[in-house]
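The residues making up each chain are set out below.
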Amino acid sequence: PNGTSGGITYSVSGREILANEKPFVPYGITVFGLAYPDWQGREAGDLAQIESSASAWHANTVRIQVSPTDLLGSNPYDPAYLAATAREISTGRALGMAVILSAQYERSGPIPMPNASTESFWRIMAPRYANDPGVWFDLFNEPRLPAPVSGAITASMWDIWRNGGASSVGMQDLSNAIRRYAPHNIILAEGLQKAETLNGIQVYLLTGGDIVYSVHPYFGPMYSSPQTWDQNWGNISTSIPVLVGEWGEYEGRQKNCHADAASLVSMFLDFLSQHNIGLIAWALIPHVLVTDLTLSTPTAFTPNTPFVCHGTSANGIAGVANAAPSGGGAPFDGQGQAADVLAYFAGHSRPAPRS
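Keep in mind the model is a prediction, meaning the values are calculated, not measured.

Asks: How should the overall build of the protein be read in this particular structure?
Replies: Counting secondary structure elements, the protein contains eleven helices and eleven strands. Over its C-alpha atoms the protein spans a radius of gyration of 19 Å, differing by no more than 12% from the 20 Å that the globule rule assigns to 355 residues. Dimensions of the protein, computed from C-alpha atoms along their principal axes, come out at roughly 55 × 45 × 40 Å. Taking all 355 residues of the protein together, 57% fall into the buried category. For the protein, restricting intrachain contacts to residue pairs at least 6 apart in sequence, the fraction spanning at least 24 positions comes to 81%. For the protein, the accessible area works out to roughly 13100 Å², and carbon and sulfur atoms hold 54% of it. Of the side chains in the protein, 18 bear a positive and 28 a negative charge, and the two mean positions are spaced by 6 Å.

In structure tokens form, the structure reads like this:
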């Protein structure tokens, strides 16, 4: 049987995540301070965001992005970084949340697919949390195959995703590395095209048990209607466990900004509810999920006000909220999905049932 922590056992059965053998749907927020090279100055911000996720946002799950590059920067690893990761995990667990640990390279030396360092990272992390099933392992953030094989989804792309190729390590190799040390913690595997699609994965599913498939369905040109959501991940959620592991919609320059965001967000949340799929929102950044550094006042759509898809990008101020633990700060302008997300979490999120 799976190990237990705090009286809660997590597992996967069919298309469902279970907590103490009862259906559990994850709802939460991503924090990402430890994914930066200057992570030391961002830990306090992460801890504040984790606490706010539980207290103000009704989260039963938190996703913590961590950097294999930062961990492996010292031989054999940086103990201070490992300790910081442990503090963030223990904070989330003490607040009753499941914690998703996500391997993230984008802020510390981007790579398109996992490599040997990713496998080394999980060999260090997995045994440390093998006895806590409330810690889940997100194998690799947003896989992107190299240019020669990118484009339309093909069987060969799924084969590389699963089994590796050239300099990349396959998701099955990462899963195997984890299972050597942690036979029961839930594993998340993100789909192709920066995790936007699971279309075609059916014959490339991973072995090893207790595996959830994660999508990041930002509203790009090909992913902004119920038909495209069904095609890329909704339909397959009837047979395998699927989680929206990262998503957001807010004003700015990002390519996923849509002028009809208010109606599209409402449609998207209804779609998730109908399919009983969990959601991890992005992120407690002013202008994205929050209006200021208190981390609790949500952005919203303003009636009769155009949703602007140009102008100041949130990327330029993303580090501000992460560096400040809480309190103070003038509000940031900009509409966003957060009031809808907060209401959705309040109506849907439930803590893991105890035995």
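Next comes the rest of the account.
Asks: Got a minute to help me understand the sheet that holds strand β8 (residues 187-190) in this structure?
Replies: Sheet strands pair via backbone hydrogen bonds, and the direction of the pair is either parallel or antiparallel. Strand order around the closed barrel formed by eight strands is β4-β5-β6-β7-β8-β9-β10-β11, with parallel pairing between neighbours. For this sheet, the mean angle separating the axes of adjacent strands, direction not counted, is 25°. In terms of strand pairing, strand β7 (residues 135-138) meets β8 through two bridges, oriented parallel. Within β8, the residue paired with Asp 138 across the bridge is Leu 188.

Asks: Mind showing me how you'd approach the nonpolar core here?
Replies: General note: in soluble globular proteins, nonpolar side chains tend to be found buried as a group. Core analysis: the largest hydrophobic core is formed by 84 residues, its most contacted members being Trp 122 and Trp 233. No other element matches helix α9 (residues 261-275), which puts seven residues into this core. With near-sequence residues (within four places) excluded, Trp 122 lies in contact with Leu 101, Ala 103, Pro 127, Phe 137, Asp 138, Leu 139, Leu 174 and Ile 178. Counting 15 residues, the second largest nonpolar core, distinct from the first, contains Phe 24, Ala 98, Ile 100 and Ile 280.

Asks: I'm lost on the pattern of salt bridges in this one. Help?
Replies: Proximity of charged atoms lets side chains of opposite charge pair with each other. Tallied over the full model, the rule gives eight salt bridges. A salt bridge links Asp 38 to Arg 42; the shortest N-O distance between them is 2.9 Å. Here Asp 38 falls in the partly exposed class, since its relative accessible area comes to 40%. A network of salt bridges, in which partner residues are shared, links Arg 63, Asp 138, Glu 190 and Glu 246.

Asks: What should I look at first to understand the layout of surface pockets in this one?
Replies: In this approach, a probe sized like a water molecule rolls over the atoms, and the result shows the empty space that is left. By volume, the second largest pocket is sized at about 190 Å³. Met 113, Pro 146, Gly 165, Ser 167 and Ser 168 are the residues nearest the centre of the second largest pocket, which is lined by 13 residues in total. In terms of residue class, the lining of the second largest pocket is made up of nine nonpolar, four polar and no charged.

Asks: Looking at this model, I keep getting lost on the packing of aromatic side chains. Mind explaining?
Replies: In this description, an aromatic ring pair is defined by two values, namely the gap between the centres and the angle between the planes. Counting across every chain of the model gives 21 aromatic pairs. Centre to centre, the rings of Phe 24 and Trp 136 are 6.3 Å apart; their planes meet at 90°, and the pair counts as edge-to-face. Remark: Trp 136 occurs in strand β7 and Phe 24 occurs in the loop between β3 (22-23) and β4 (27-31); sequence separation between them is 112 residues. Both residues of the pair, Phe 24 and Trp 136, belong to the buried class. Taken together, Phe 219, Trp 229, Trp 233, Trp 247, Phe 268 and Phe 271 form an aromatic cluster joined through their ring pairs. Positioned above the aromatic ring of Tyr 36, the side-chain terminus of Arg 42 is 3.7 Å from the ring centre.

Asks: So what exactly am I meant to see when it comes to the side chain of Thr 91 here?
Replies: Structurally, Thr 91 can be placed in helix α3 (residues 79-94). Given the relative accessible area of 19%, Thr 91 is considered buried.

Calculation rules
Residues numbered from 1 in each chain as written. Predicted model: local features only at pLDDT ≥ 70, side-chain atom pairs only at ≥ 80, totals over all residues. Heavy atoms only, no water. Helix = DSSP H or I, 4+ residues; strand = E, 2+ residues; numbered from the N terminus. Rg over C-alpha atoms; globule rule 2.2 N^0.38 Å. Buried < 20%, exposed > 50% of the residue type's maximum accessible area, 1.4 Å probe, protein only. Contact = heavy atoms within 4.5 Å. Areas by Shrake-Rupley, 256 points an atom, 1.4 Å probe, with all protein chains shown as cover. Lys, Arg positive; Asp, Glu negative; His and termini not counted. Charge placed at Lys NZ, Arg CZ, Asp CG, Glu CD. Pairing = 2+ DSSP bridges. Axes fitted to C-alpha atoms, helices over the stretch in contact; angles between N-to-C directions. Core = buried A, V, L, I, M, F, W, Y, C linked by side-chain atoms within 4.5 Å. Salt bridge = Lys/Arg side-chain N within 4 Å of Asp/Glu carboxyl O. 1 Å grid on protein atoms, 1.4 Å probe; cavity = no way out; pocket = protein on both sides within 12 Å on 5 of 7 lines; lining within 4 Å. Points joined across faces, edges and corners; volume = space filled by probe spheres on them. Nonpolar A, V, L, I, M, F, W, Y, C, P; charged D, E, K, R; others polar. Phe/Tyr/Trp six-rings, centres within 6.5 Å; stacked < 30°, edge-to-face > 60°. Lys NZ or Arg CZ within 6 Å of the ring centre and 35° of its normal.

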